[in-house]
Amino acid sequence: MRPTPISRILSRSLLVRLVAPGLLLLALMAAAMISMHWRTMERDNTRLAATLAAFVATALDEAFHILETFVGRVAPDGGPVRPEALSDLLAVSPAFRRLLWITADGTVARAVPSGLQGAAFPLDFDNRQDGRLLLSRPLPSPIDGRLVVYLGVRAATGGILAGELDLAGLGERLTQLAPLAGGRIVACDAYGNLIVHPDPRRVAEQTNIGDTPLFAAAKAGKGHLVYQSGGRLWLGTVGVVDQCGWFVLPTVPVSDLVAPALYTVAVLFVFMAGAFVLASAQLRKALRQQVEEPLARFAASLPEGSGGGEGGSGAFAELCVFEGAFEDMARGLVRNERLFRSSFEQAAVGMAHVSPDGQWLLVNERLCQLVGCSRQELLGHSLVEAIVPQDMAAVEARLQESLAGRLETFAREGRCIRPDGVSVQVNLTVSLVRGDMGRPDYFVFVVEDVTERRAAEEALRQSLEDKELLLREVHHRVKNNLQVISSLFFLQAEATDNAEARLVLLESRTRIASMALVHEGLYRTGDFGRIDVADYVSRLAGQLENSLGRSGGVRCKLGLEPIFLSIEKAAPLGLVLNELITNAIKHAYGPGVSGEVQVAVRLAGGVMRVTVGDQGQGLPPGFSIEGTESLGMQLVANLTRQLQGEVRAENAGGALFTLTFPV
Amino acid sequence: MDWIFIVFGKQRWPVADVAAFGGCVGWLSLLVLGWLVLASGCGGDDPVLLGFSGQLTGSHADLGVQGRNGATLAVEAVNARGGVASRPLRLLASDDGDTARGAIDADTTLLKAGAVAIIGHMTSSQTLAALPVVAAAGGVMISPTTATPELSGKKDNFFRVIPSNEAWGVALGRYAARQGLARVCLAGDTDNASYTDSFQTAFEQAFAEAGGELVCHYSFSSSRGADWGALLDQAADSGGQAIVATAAARDVAALAQTMTARNTRLPLLCPTWPYTREILAIGGRSVDGIVFATSYSEENDRPEFREFARRYRERFGWPPSFAAAYAYEAVTVLASALSRTGGEARGLGPALAATGPQTGVISPFALDESGDVARDTFLVTIKDGRFTSVAGE
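Residues numbered from 1 in each chain as written. Chains lettered and ligands numbered in written order. Predicted model: local features only at pLDDT ≥ 70, side-chain atom pairs only at ≥ 80, totals over all residues. Heavy atoms only, no water.

(A) Structural detail: the overall build of chain B. Across its full length, chain B carries twelve helices and 16 strands. The proportion of buried residues among the 393 residues of chain B is 56%. Just so you have it, chain B exposes about 15,500 Å², and 54% of that area is on carbon and sulfur atoms. (Helix = DSSP H or I, 4+ residues; strand = E, 2+ residues; numbered from the N terminus. Buried < 20%, exposed > 50% of the residue type's maximum accessible area, 1.4 Å probe, protein only. Areas by Shrake-Rupley, 256 points an atom, 1.4 Å probe, with all protein chains shown as cover.)

(B) A look at the sheet that holds strand S22 (residues 646-651) of chain A. Residue and element names in this part refer to chain A. With mixed pairing, the five strands of this open sheet are ordered in space as S18-S20-S21-S23-S22. Both outer strands of the open sheet, strand S18 (554-559) and S22, are each paired with one neighbouring strand and no more. Across the sheet, the mean angle separating the axes of adjacent strands is 15° when strand polarity is ignored. Where strand S20 (residues 595-604) lies against strand S21 (residues 607-614), eight bridges are found, and the strand directions are antiparallel. (Pairing = 2+ DSSP bridges. Axes fitted to C-alpha atoms, helices over the stretch in contact; angles between N-to-C directions.)

(C) Focus on the sheet that holds strand S11 (residues 268-270) of chain B. Residues and elements named next belong to chain B. Taken in spatial order, the seven strands line up as S9-S8-S10-S11-S12-S15-S16 in an open sheet, and their pairing is mixed. In this open sheet, the two edge strands, each paired with only one partner strand, are strand S9 (213-220) and strand S16 (386-389). On average, each strand axis in the sheet is tilted by 25° relative to the strand beside it, whichever way the strands run. Two strands pair when backbone bridges link them, and strand S12 (residues 291-294) and strand S15 (residues 378-383) are joined in this way by four bridges, in the antiparallel orientation. Directly across from Thr294, in S15, lies its bridge partner Phe378. Against the sheet, helix H7 (residues 228-238) makes contact with strand S8 (183-189), S9 and strand S10 (242-246), and its axis sits at roughly 165° relative to S9, the strand it touches most. Against the sheet, helix H8 (residues 249-261) makes contact with S8, S9, S10 and S11, and its axis sits at roughly 175° relative to S11, the strand it touches most. (Contact = heavy atoms within 4.5 Å.)

(D) Summary view of helix H12 (residues 499-525) of chain A. With 27 residues, H12 of chain A should reach 39 Å at 1.5 Å per residue; the first-to-last C-alpha distance of 39 Å fits that figure. The distance from a side-chain oxygen at the start of H12 of chain A to the backbone nitrogen of Glu500 of chain A is 3.0 Å, and the residue carrying that oxygen is Asn498 of chain A. (Expected span 1.5 Å × (residues − 1). Polar contact = N/O pair within 3.5 Å; in protein donor to acceptor, adjacent residues only side chain to side chain.)

(E) Representation of the side chain of Gln200 of chain B. Residue and element names in this part refer to chain B. As for its position among the elements, Gln200 is in helix H6 (residues 193-209). With a relative accessible area of 4%, Gln200 lands in the buried category. Those residues in contact with Gln200 that sit more than four places away from it in its chain are Leu186, Ala187, Gly188, His217 and Thr246.

What follows is the structure in structure tokens.
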């Protein structure tokens, strides 16, 4: 299973902080063990070399001793040596392979086994002080070619009892004495000519080791040497055989010396490695179950785009995801902070954060301008000191309501007195910001300077008032003038004898009166832009009843809704109604017959529907508003067109006029 | 553990990190140490390998051992002077077992081991057997003591610092005539037939020219053993006045001892072959009076020879023989040729032929274009157990 990043961190940490120091200690221990073992082996091998050299010396000494013991017996009187004497001596001297009796003139008188008898002994002995003679150079035996050394002792008669010492046997005994597993025992003479070697062939070839480092060290008097031979390192020690200058050179491979220490270290290393692997595996399992998987789940729950791509850097997949998310969050925070700052500082209105106890926490430049204080001055003071006391009480009350939870946001106008005494009208919008636990954190004040706006509003109101007054006066005067005109028409009608002219004048009078009613309605309600249709129609109907209908017993029955109409439409509507109602009152019923004229005004879907009907005689057959020559009907038609409406005349239990037009 | 710090210089290091770093260094050091201890050792300068091939065991081992030791002394002398092309020489010795098959196997082994040249063989039979193999492999052979004339005058990758034995045969033949010997017997070791035949032919021709006569011819094989009594009987029956023995020192000594034992003293005339200390060691007084025809004398007064003999005795504990001296000269002239080839085998033959006059140990010499040399002939005898020049010769 591919190790997760945090597991790798753990493994690396364990490796660096636990295993590496352990390895250091192990290395130190190995070095100490190897050093101790080396010194011990060096000492032991040196002792071994000395012991073996002593053994060789003893063997030579014993050989000499045998010769010394028997030299007087083989030719006690100086007479010829009996072969039996040499044979007997050879039988009890297993170290010798041959014994010779050499006369004083150097002739071999006897030899057992036989050979060289009668010949001059070809070798020169080195004379020794103690009478012992030795030819140190090993040479092949004339009998069988095996490597031998000649030892000799001089008799009182001048003769020499010499023995051929078997070096192969000496070598075997040396090897038996000190079996060095992997090592070897080498012996040579003072010139490096091999006497003993694990490879008998090298001895048979009379190999010389005078050029080897170990021999050079032995000649130089050193007791041991580490040298390279055959691609391996060896520890060689030197034992010097007394009296003949031979060397016994045990050698051991260095690898054999350090192997025991390395073995111990290797075992400890294996244990340590095993402990590390076990601990690491257990820790990683716990880490995976308790940390990594929860983190991975959390990382997976983050929005897409968080993190550094596919597994991030590879080594910290989860952390990369978190890092990416945090970076996004930080960028967002920075961006939001920047937005907030720019919005807060560059707002056209004063903004501030105020603590629940009324201390300024944060103010923007615009607020400072509004209240006439610097930022430092403002932040060093409380809210109370900036707002006019009369307004402060109300603000404080609202603040307390907010703190109590009854109000989250409120707006209120107040005044601020700047340090220069200027009063500033402001509009305060205050909202409370609560923290995570729902506790009040701070108030957000938005302070807008409305001084100029209020002044403008006042001026506008005043101007409006003046205009209303003027309009009222205008409509009043127009109404009066129209009434004057109506009165003049009435007077003229009273003054004329022409019935037709009188009728025309009276009809014109009612028309003008209806127009005057419109103006009256306008200035009476005070709404100069529109007129109350219900009120106007009821007054118009009343006026026409009074002037035309009451005497005949015709009354108007009104069905009106509260509808307001502009003067542009009210005037023509008034004239149309005047014509239709007048027409109905005059012609619906016969003379002296009472009846009703129903007048209804409805508004539906932006269309006004006005009906004027009666239960009288009805309209004459073929009646058409457009076709009639009546001035009144012509007015109705024209005014209907002006209203962009339609008028229909029909008989419906009497005459019914329906006027519709858009409003 | 990070709260424990080690201050080093101006830096604080958590002790865990220090220990970790130290652990890695320590382990690395231990591994390196272990490798140094356990692995194969480092190599120094790449040596130039020379192969020595000769009989190191057996009845003729005196030639091979002396020759190897002489070559060893020469290699050490060359290395003491800085080696060849700044590379040390290394001598690999191989026993040819005194047989043709052994010679071929020994040379093949040496060439496979990387030897750039073969120093050997010490006897003509082994040289004749192994030379074709060495030449086929492109190798060069330079012999200290192979004296058969069969290899004279040929450009065959074979060189030698000893003259052919024909000169010795002629010198001995004339000497025998001068000594008033009219009838002689020839005894020769057929195991070294190429040497034996050429020497005996030269002796016979010179002796005959001087008026002498060959009355018997005894051939034997040293490996199978010789019946010296039969030889002496044959010589006595044929009236031989002397025996010309072409054999190794051990065999000649045995012949002399046999004559002593039978109280029959016939003059023994020999080539250089048995002229070693072994004949003294084995023959004792029996070998007194043997006359050798040789190009080597222990009574050589040359400073170079005296110095060589002294160094040889100091090095090996016994005096050198002609085999050691010739082997020394062979290595010396080979080293000179290798200096020209940069220690490589390529071009070694022509380089050897072009070495020119050499000071030598025994005497000045020069290899001709065929790889042969011409040297003076001496007559040496044994007197009182020592080698000495024949008076008046």
